[in-house]
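Chain and residue survey
Listed below, chain by chain, are the residues.
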Amino acid sequence: MILAKVVGHVVATQKCQELSGSNLLMVTKLGDDLEPLKNKTYVAVDSVGAGINDIVLAEAYFALNKDNYKAMSVVAIVEKVYTKE
Amino acid sequence: MILAKVVGHVVATQKCQELSGSNLLMVTKLGDDLEPLKNKTYVAVDSVGAGINDIVLAEAYFALNKDNYKAMSVVAIVEKVYTKE
Amino acid sequence: MILAKVVGHVVATQKCQELSGSNLLMVTKLGDDLEPLKNKTYVAVDSVGAGINDIVLAEAYFALNKDNYKAMSVVAIVEKVYTKE
Amino acid sequence: MILAKVVGHVVATQKCQELSGSNLLMVTKLGDDLEPLKNKTYVAVDSVGAGINDIVLAEAYFALNKDNYKAMSVVAIVEKVYTKE
Amino acid sequence: MILAKVVGHVVATQKCQELSGSNLLMVTKLGDDLEPLKNKTYVAVDSVGAGINDIVLAEAYFALNKDNYKAMSVVAIVEKVYTKE
């Protein structure tokens, strides 16, 4: 999983069935300074009610359990990051 | 998933069975300025009827549900991208 | 999937059971100019009878359907690439 | 799998069900000199009781067996690395 | 799959159940000149009895068949690489 910031969202009417009803967030991977990196923005399905500017945990791939494959998702809203520095 | 632009297509008569009948689109990943990035072009199976120059959502991997594994696919046509800037 | 060129093959007698009988091709990812990129060579199982110098479609991961997981594979031989330029 | 160092942890109250009760560690991939690399920090679920500054083995993807898909995980604590130099 | 060289091994007593009894090899991805690349070293489970300095085929991901998911593995020992140059 990666730490990312919600920077926008995407509107798409014509989409495959698995995405219907999904909220499609644009999330940008954070660097070591916890600032968004250049050209590291992905589109992820929201599963926790995240909003613009939230720091989130995004699953870079797609599967968390065997009965529920899904596209790249936001899986948690991060409240605090603790590092040793 | 990634935002990408449809830049072409590929013709391949000799292909494995899972791809037979598929429309094979060339899609280029977009950068932060929503312009195509250099050397980031992939071939994706179309599942939404996308055409040349469309901005699309492409699943970078292959699985959206457990009964229907598939190759990298175009999964939505994007109408509008909203970012905070 | 990626566009790649077949640049060689690999001989390996001692291999795991899933690879026995497989033809192991060296394929190099192509850049935007359709020329091989530096240090982007992979080994893929041939499933379509590709030969040296062929332009092919390679599945970068491993699964095209749920009953037949497999290693990275060459899944099509490309006859023509159409781009908008 | 990758060699990584535990550099911190993440607190997230609002998270998807699969992550509830998980310890979320920040791990940074190590380079050839066994020092953390720049901008290569991921968030991984702890499954072995790792602590800050531990050198660990992290599964970069998510699945070690078919009945237990999971998010990126710390799968071992490394005691010693032997290289030929 | 990637061509890689076995450059060392890792000792880890505390590890998840799926790795118990596994031989954990450090393998470095080879470049176009068949020399190890910088900062491209991974840890892979040995499944073919590879030893130090062997050139091997490593599955970069984890699954070769549906009944036997596993971590990144060394899947073959390479005897000879044929390229067109």
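Placed above this text is the structure.
Just so it is clear, the model here is predicted, and its values are computed rather than measured. (Residues numbered from 1 in each chain as written. Chains lettered and ligands numbered in written order. Predicted model: local features only at pLDDT ≥ 70, side-chain atom pairs only at ≥ 80, totals over all residues. Heavy atoms only, no water.)

1. Some thoughts on the overall build of chain A
Each helix and strand in chain A was counted, giving zero helices and six strands. Starting at the N terminus, the α and β elements of chain A follow one another as β-β-β-β-β-β. When burial is assessed residue by residue, chain A has 54% of its 85 residues classed as buried. Counted over contacts in chain A with a minimum sequence separation of 6, partners at least 24 positions apart contribute 46%. Accessible area of chain A: about 3,600 Å², with a carbon and sulfur share of 47%. (Helix = DSSP H or I, 4+ residues; strand = E, 2+ residues; numbered from the N terminus. Buried < 20%, exposed > 50% of the residue type's maximum accessible area, 1.4 Å probe, protein only. Contact = heavy atoms within 4.5 Å. Areas by Shrake-Rupley, 256 points an atom, 1.4 Å probe, with all protein chains shown as cover.)

2. Section: the side chain of Lys29 of chain E
Mapped onto the elements of the fold, Lys29 of chain E is located in strand S3 (residues 24-30). No salt bridge is formed by the buried Lys29 of chain E. Its closest oppositely charged neighbour is Asp32 of chain E, at 7.0 Å. When neighbours within four sequence positions are excluded, Lys29 of chain E is seen to be in contact with Asn39 and Thr41 of chain C together with Ile2, Leu3, Ala4, Glu35, Pro36, Leu37 and Lys40 of chain E. (Lys, Arg positive; Asp, Glu negative; His and termini not counted. Salt bridge = Lys/Arg side-chain N within 4 Å of Asp/Glu carboxyl O.)

3. Regarding the packing of aromatic side chains
If you walk through the whole model with that rule in mind, you get zero aromatic pairs over all chains. Geometry around Tyr42 of chain D places Lys29 of chain A over its ring, the cationic atom sitting 5.3 Å from the centre. (Phe/Tyr/Trp six-rings, centres within 6.5 Å; stacked < 30°, edge-to-face > 60°. Lys NZ or Arg CZ within 6 Å of the ring centre and 35° of its normal.)

4. Overview of the environment of Thr41 of chain D
Along the chain, the position of Thr41 of chain D falls in strand S3 (residues 36-46). Put simply, Thr41 of chain D and Val7 of chain D are 34 residues apart on the chain and 8.6 Å apart in space, counted from C-alpha to C-alpha. Other than its neighbours up to four places away in sequence, Thr41 of chain D contacts Lys29 and Asp32 of chain A together with Val7, Met26, Val27 and Thr28 of chain D. A polar atom in the side chain of Thr41 of chain D sits 3.4 Å from the side chain of Asp32 of chain A. (Polar contact = N/O pair within 3.5 Å; in protein donor to acceptor, adjacent residues only side chain to side chain.)

5. Describing the pairing of strand S5 (residues 73-77) of chain A
The side chains of a regular strand alternate between both faces of the sheet. Residues and elements named next belong to chain A. Most of S5 is tucked away, with five of its five residues classed as buried. Sheet analysis places strand S3 (residues 36-46) next to S5, joined by two bridges and oriented parallel. Opposite Val45, over in S5, you have Ser73 as the bridge partner. Pairing of strand S4 (residues 55-59) with S5 involves four bridges; the strand directions are antiparallel. The residue of S5 that forms the bridge with Ala58 is Val74. (Pairing = 2+ DSSP bridges.)

Geometry only, nothing functional implied.
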